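The primary structure of each chain is shown beneath.
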Amino acid sequence: MEYKTGDVVLVKSPAGDAIPHIHVKLLKRIIIKPSKGNSFDWPGYSGWDATPVYQEEIDMLRKQWSIPFTTPEKDLTFVYDRNIIKIKEK
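Residues numbered from 1 in each chain as written. Predicted model: local features only at pLDDT ≥ 70, side-chain atom pairs only at ≥ 80, totals over all residues. Heavy atoms only, no water.

Asks: Tell me about the pattern of salt bridges, and please be specific about residues and values.
Replies: Side chains carrying opposite charge are able to pair once their charged atoms draw close together. Tallying each qualifying case throughout the model produces 5 salt bridges. Between glutamate 73 and lysine 25 there is a salt bridge whose closest N-O contact spans 3.9 Å. Of this pair, glutamate 73 sits in the loop between α1 (55-65) and β4 (77-80) while lysine 25 sits in strand β2 (residues 22-32), placing them 48 residues apart in sequence. Under the relative-accessibility criterion, lysine 25 is labelled partly exposed at 26%. Aspartate 59 is the partner of arginine 62 in a salt bridge, and the nearest nitrogen-oxygen pair spans 2.9 Å. Remark: aspartate 59 and arginine 62 occur in helix α1; sequence separation between them is 3 residues, near one turn of the helix. (Salt bridge = Lys/Arg side-chain N within 4 Å of Asp/Glu carboxyl O. Helix = DSSP H or I, 4+ residues; strand = E, 2+ residues; numbered from the N terminus. Buried < 20%, exposed > 50% of the residue type's maximum accessible area, 1.4 Å probe, protein only.)

Have a look at this one:
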């Protein structure tokens, strides 16, 4: 599925399924191409700069998981394409 800047999506954590899913707003598309290194080749990746949307989800992550989000639309995070679950229905 193609996402665009401003979409609100549900995402999972790359740290594992124990951490609850949250909603984020997609801000800027990031695509890094694979590159050659000295001892091994670096894989490419793609995703989005994003910001959490709901204060309740931010509070839960901070209190239960010590993830230092504070305020909707001020905190920034990176979301890999593979961690996007679905777009929020409007």
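After presenting the structure, the write-up continues.
Asks: Could you give me a rundown of the sheet that holds β4, with the residues and numbers involved?
Replies: Strand order in the open sheet formed by 5 strands is β4-β3-β2-β1-β5, with antiparallel pairing between adjacent strands. Bordering the open sheet on either side are β4 and β5 (84-87), each of which pairs with just one other strand. For this sheet, the mean angle separating the axes of adjacent strands, direction not counted, is 50°. Here β2 pairs with strand β3 (residues 45-52) via 8 bridges, running antiparallel. By the bridge assignment, isoleucine 31 is partnered in β3 with serine 46. (Pairing = 2+ DSSP bridges. Axes fitted to C-alpha atoms, helices over the stretch in contact; angles between N-to-C directions.)

Asks: Just give me the short version of α1, but keep the residues and values in it.
Replies: When α1 is considered as a whole, its buried residues turn out to be Glu57, Ile58 and Leu61. The buried residues of α1 occupy an angular sector of 105° when the element is viewed end-on, so they sit on one face. Relative to its buried face, α1 has exposed residues pointing more than 90 degrees away, namely Glu56, Lys63 and Gln64. Elements that come into contact with the buried residues of α1 comprise β2 and β3. Backbone geometry just downstream of α1 places serine 66 in the positive-phi region, at approximately 55°. (Arc of directions from axis to C-beta. Contact = heavy atoms within 4.5 Å.)

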